[in-house]
Amino acid sequence: MITSTTPARRFDWAVVVLFGLFLAGRVAIVLQGKVFTSFDTFSYAYRNDPAWDRGALVSFTGQAPRPWGVPLFFAMFSDDGSRAVGQWALGTLAWALLALSVAMFLRHRSARIAAMAAIVLLGLTRSVASWDFAILSESLSISLGVATLALFLWWLRTRALWPLVTMVVVAVWWMFTRLDMFVLAAPLGVALVWFVWRQRASGQPSSGRWRAAGAAAGVLVLLLAAGWSYAIGPKSVQTQVRWTADPTLSHERGLMMYRLRLSVFSDPQVLAAFQSELGMPGCAAVDQMVRTRQDWAIEEFARAVDTCPELRTWTDAHLTDLWSRYATTMPALFARQVMGSTGDSLTGAAYADVPALVPVPVEKMLFSKRFPLPITIAMLGLSLFLALFAGSRRLQPQLMMTGIAMAATALASVVLTVIVSSGEVWRFGIQETIAVRIAIIILLASALDSWLTSRHSAAPGKPS
């Protein structure tokens, strides 16, 4: 019978070489990367300019435009260059820790080397590394999520106290980088609850009870953090209006303008349906603006809407229920558009200018721009099939279930993000996009390790 005990690890020069190449690549990135700022940057980091500094950026009660996780980190640095280096250092540590955590789960050297190589390669892609030089929230939302996963796997393998405590601390910080991060963190709480229940049901000795108590405390902290985020989120969203291009637009009206501009007036079929099914009035000024402007120009679009009293009255009447009416009145059209935007989210994006260390064909394969949703689903399906076929359900159940939970949660989160927001979906869903790639690597690693384990146990002269 094959036991679940992982054999002792011997010093492996291949691991040293892999980490050396990864570190060399990350050093090349920090030496050549160029800082990127956008309009949103001034709501995360002070600009030392009265025209941009419109109030406190760090608040634990929602009195700031963003959750405290990113602005608090940025406040520790004096300029954007230092902030980028800080993000780069955190990202480098997180990806290295994840590669090591996954490798320590695997029995066979070939599987360990393959998994580590895939993870560090992903960490060197422009779709990952470029965010470290963007003074926005995405770098921390990616790096802290990667670190949380790495620490979870470490705790899952060892049941030690230090990875549990560190994981909970990092997860709480992660949940306050963006308002929607608690969705991605939810499986972590579920896994801890499951562990506590199993420990209590099995009647473990005192050491097991202490582990269960630690996991229960972790669940409590995560629940309190989720409640905290949920409580201050609406206030933060309303506070954010002062940091928008047009502070006279409320959050609800601003979201309405984005949705009309990007999802309705850019799609003739949706536009016709809104006018025929939802009674949206026409507006010559809006039609003219949409025909002549290729960029979004949301402020100009909103001004064009204001020139048409009937359209302005209609938008005012549907500020809070328009998208729900769209979904219930035209479910097929709504689903088609949501799936299209979900595919756009899964393409990945690179905002800052960093060196392309990963060959372009490889990066295009990892972050496909053509048919991204079908390709993503197909890759996940294939990875899961290989894991099941290789016997991972029996030989690597924890690793396989981690990959499945990650993929399912990331896909659900990106669909939810598309439904409740509007704008740069390829940016808003970048952490989910990367999470799906990590899930695929984890499933393939569990499949390879399980297959090699089965072959080893079946070889002549080997115990089975």
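As the structure is a prediction and not an experimental result, all values here were calculated from the model.

The next point concerns the overall build of the protein chain. Assigned secondary structure in the protein chain consists of 22 helices and zero strands. On C-alpha atoms alone, the protein chain measures out to a radius of gyration of 24 Å, which is about the 23 Å that the 2.2 N^0.38 rule sets for 464 residues. Principal axes of the C-alpha set define a box for the protein chain whose edges measure 85 × 50 × 50 Å. Counted over contacts in the protein chain with a minimum sequence separation of 6, partners at least 24 positions apart contribute 78%.

Here Asp-267 shows up in the loop between helix H10 (251-264) and helix H11 (268-277). For Asp-267, a relative accessible area of 14% corresponds to the buried category. Beyond its immediate stretch of four places on either side in the chain, Asp-267 contacts Arg-336 and Gln-337.

Where helix H6 (residues 138-158) meets helix H7 (residues 161-175), the axes come as close as 8 Å, and the angle between the chain directions of the two elements is 160 degrees. It follows from the interaxial angle that H6 and H7 lie roughly antiparallel. Here the hand of the crossing between H6 and H7 comes out left-handed. Residue-level contacts link Leu-140, Ser-141, Leu-144, Gly-145, Ala-147, Thr-148, Leu-151, Phe-152, Trp-154, Trp-155 and Thr-158 of H6 to Trp-162, Pro-163, Leu-164, Thr-166, Met-167, Val-170, Ala-171, Trp-173 and Trp-174 of H7.

A side chain with one charge may pair with a side chain of the opposite charge, provided their charged atoms come close. Considering all chains together, one arrives at 18 salt bridges under this definition. Notably, a salt bridge pairs Asp-316 with Arg-253, separated by 3.0 Å at the nearest N-O pair. Of the two residues, Asp-316 is situated in helix H14 (residues 309-317) and Arg-253 in helix H10; the sequence distance between them amounts to 63 residues. If you follow the salt bridges from partner to partner, you end up with Asp-40, Arg-66, Glu-138, Arg-178, Asp-180, Glu-424 and Arg-427 in one network.

Because each turn of an α-helix spans 3.6 residues, side chains separated by three or four positions in sequence point in the same direction. With 16 residues, helix H4 (residues 109-124) extends 22 Å between its outermost C-alpha atoms, agreeing within 8% with the 22 Å of an ideal straight helix rising 1.5 Å per residue. When we look at burial in H4, the residues that qualify are Ala-111, Arg-112, Ile-113, Ala-115, Met-116, Ile-119, Val-120, Leu-122, Gly-123 and Leu-124.

Moving on, we get to the nonpolar core. Side chains that are nonpolar tend, in soluble globular proteins, to be buried together. Residues Trp-95, Leu-98 and Ile-438 are the most contacted members of the largest nonpolar core, which totals 94 residues. The greatest single-element share of this core, amounting to twelve residues, is contributed by H6. Residues within four places of Leu-98 in sequence aside, it is in contact with Ile-119, Val-146, Leu-149, Ala-150, Leu-153 and Ile-438. With 34 residues, the next largest nonpolar core counts Leu-271, Val-290, Ala-302 and Phe-334 among its residues.

Turning next to unusual backbone geometry. Among all residues save glycine, negative phi is the norm, and among peptide bonds the norm is trans. Within the chain, Asn-48 stands out as a residue other than glycine whose phi angle is a positive 55 degrees. Tracing the sequence through the fold places Asn-48 in the loop between helix H1 (13-32) and helix H2 (69-74). On the accessibility criterion, Asn-48 (69% relative accessible area) is exposed. The backbone phi angle of Phe-371 is positive, close to 50 degrees, even though this residue is not glycine. Tracing the backbone shows Phe-371 in the loop between helix H17 (360-366) and helix H18 (372-390).

This brings us to the packing of aromatic side chains. Where two aromatic rings form a pair, the distance of their centres and the angle of their planes describe that pair. Tallied over the entire structure, the rule returns 25 aromatic pairs. Judged by centre distance (4.9 Å) and plane angle (20 degrees), the ring pair of Trp-68 and Phe-176 falls under stacked. Separated by 108 residues along the polypeptide, Trp-68 in the loop between H1 and H2 and Phe-176 in the loop between H7 and helix H8 (181-202) bring together distant segments of the chain. Among the aromatic residues, those joined into a ring-pair cluster are Phe-60, Trp-68, Phe-176 and Trp-228. Residue placement shows Arg-157 over the ring face of Trp-154; its charged tip is 5.2 Å from the ring centre. Here the basic side chain of Arg-159 rests over the ring of Trp-155, its NZ or CZ set 5.1 Å away from the ring centre.

Calculation rules
- Residues numbered from 1 in each chain as written.
- Predicted model: local features only at pLDDT ≥ 70, side-chain atom pairs only at ≥ 80, totals over all residues.
- Heavy atoms only, no water.
- Helix = DSSP H or I, 4+ residues; strand = E, 2+ residues; numbered from the N terminus.
- Rg over C-alpha atoms; globule rule 2.2 N^0.38 Å.
- Contact = heavy atoms within 4.5 Å.
- Buried < 20%, exposed > 50% of the residue type's maximum accessible area, 1.4 Å probe, protein only.
- Axes fitted to C-alpha atoms, helices over the stretch in contact; angles between N-to-C directions.
- Parallel < 35°, antiparallel > 145°, perpendicular 65-115°, else oblique.
- Left-handed = near helix turned anticlockwise from the far one by under 90°.
- Salt bridge = Lys/Arg side-chain N within 4 Å of Asp/Glu carboxyl O.
- Expected span 1.5 Å × (residues − 1).
- Core = buried A, V, L, I, M, F, W, Y, C linked by side-chain atoms within 4.5 Å.
- Phe/Tyr/Trp six-rings, centres within 6.5 Å; stacked < 30°, edge-to-face > 60°.
- Lys NZ or Arg CZ within 6 Å of the ring centre and 35° of its normal.

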